[in-house]
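These are the residues of each chain, in order.
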Amino acid sequence: MIFKKNSKVILHNNRRNEFATVLRTWRRKGIQYYNVKTERGSLLEKIETDTLLPTYVDINLSEKIQNK
């Protein structure tokens, strides 16, 4: 699932789950990137959905939020 601008997502940030809002999304060479703003006010750029990275958008948990 590709999240659009102003969507609420769950961000896995260094072993913590945080709520975030998508500010911008784009796709390059088959990889989906997001710029997000966390609830604490941090701006994070070029966040992917790859679970091997220390900071990523958790697709499964974010989809559950979207369905509620």
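Structure first, text after, so check above.
Everything quoted here is computed from the prediction, not taken from an experiment.

## With respect to the pairing of strand 4 (residues 43–47)
Phase 1 of the analysis: As paired elements, strand 3 (residues 31–38) and strand 4 share three bridges and run antiparallel to each other. Following the sheet pairing, Val36 is matched in strand 4 by Leu44.
Phase 2 of the analysis: A loop of four residues connects strand 3 with strand 4, the two strands running antiparallel in sequence, and Gly41 in this loop sits at a positive phi of about 100 degrees.

## Points about the sheet that holds strand 3
Phase 1 of the analysis: As summarised here, the arrangement of the five strands in space is 4-3-2-1-5, forming an open sheet in which the pairing is antiparallel. Lying at the two open borders of the sheet, with one neighbouring strand each, are strand 4 and strand 5 (55–57). Each strand axis lies, on average, 35 degrees off the axis of its neighbour in the sheet, ignoring direction.
Phase 2 of the analysis: Bridge analysis of strand 2 (residues 16–28) against strand 3 gives eight bridges, and the strand direction is antiparallel. Looking across to strand 3, one finds that Arg24 is bridged to Asn35.
Phase 3 of the analysis: Its contacts with the sheet put helix 1 (residues 59–67) on strand 1 (8–13), strand 2 and strand 5, and the angle it makes with strand 1 is roughly 155 degrees.

## What to know about the pattern of salt bridges
Close approach of charged atoms allows side chains of opposite charge to pair.
Phase 1 of the analysis: Inspection of the entire model under this criterion finds one salt bridge.
Phase 2 of the analysis: The residue Arg40 makes a salt bridge to Glu18 at a minimum N-O spacing of 3.1 Å. Taken as a pair, Arg40 in the loop between strand 3 and strand 4 and Glu18 in strand 2 lie far apart in primary sequence, 22 residues in all.

## Overview of the side chain of Gln32
Phase 1 of the analysis: Within the secondary structure, Gln32 is located in strand 3.
Phase 2 of the analysis: In this structure the side chain of Gln32 is engaged in a polar contact, spanning 2.5 Å, whose partner is the side chain of Thr25.
Phase 3 of the analysis: Polar side-chain contacts of Gln32 include one of 3.2 Å to the side chain of Arg27.
Phase 4 of the analysis: If we skip the residues at most four places from it in the chain, Gln32 touches Ile2, Thr25, Trp26, Arg27, Ile47, Glu48 and Thr49.

## Observations concerning the nonpolar core
Phase 1 of the analysis: Of all hydrophobic cores here, the largest spans nine residues; its members are Phe3, Val9, Leu11, Ala20, Val22, Tyr34, Val36, Ile47 and Val57.
Phase 2 of the analysis: Elements that contribute at least two residues to this core include exactly strand 1, strand 2 and strand 3.
Phase 3 of the analysis: Beyond its immediate sequence surroundings of up to four residues, Val36 is in contact with Leu11, Ala20, Thr21, Val22, Leu23, Ser42, Leu43, Leu44 and Ile47.

Rules behind the numbers
- Residues numbered from 1 in each chain as written.
- Predicted model: local features only at pLDDT ≥ 70, side-chain atom pairs only at ≥ 80, totals over all residues.
- Heavy atoms only, no water.
- Pairing = 2+ DSSP bridges.
- Helix = DSSP H or I, 4+ residues; strand = E, 2+ residues; numbered from the N terminus.
- Axes fitted to C-alpha atoms, helices over the stretch in contact; angles between N-to-C directions.
- Contact = heavy atoms within 4.5 Å.
- Salt bridge = Lys/Arg side-chain N within 4 Å of Asp/Glu carboxyl O.
- Polar contact = N/O pair within 3.5 Å; in protein donor to acceptor, adjacent residues only side chain to side chain.
- Core = buried A, V, L, I, M, F, W, Y, C linked by side-chain atoms within 4.5 Å.
- Buried < 20%, exposed > 50% of the residue type's maximum accessible area, 1.4 Å probe, protein only.

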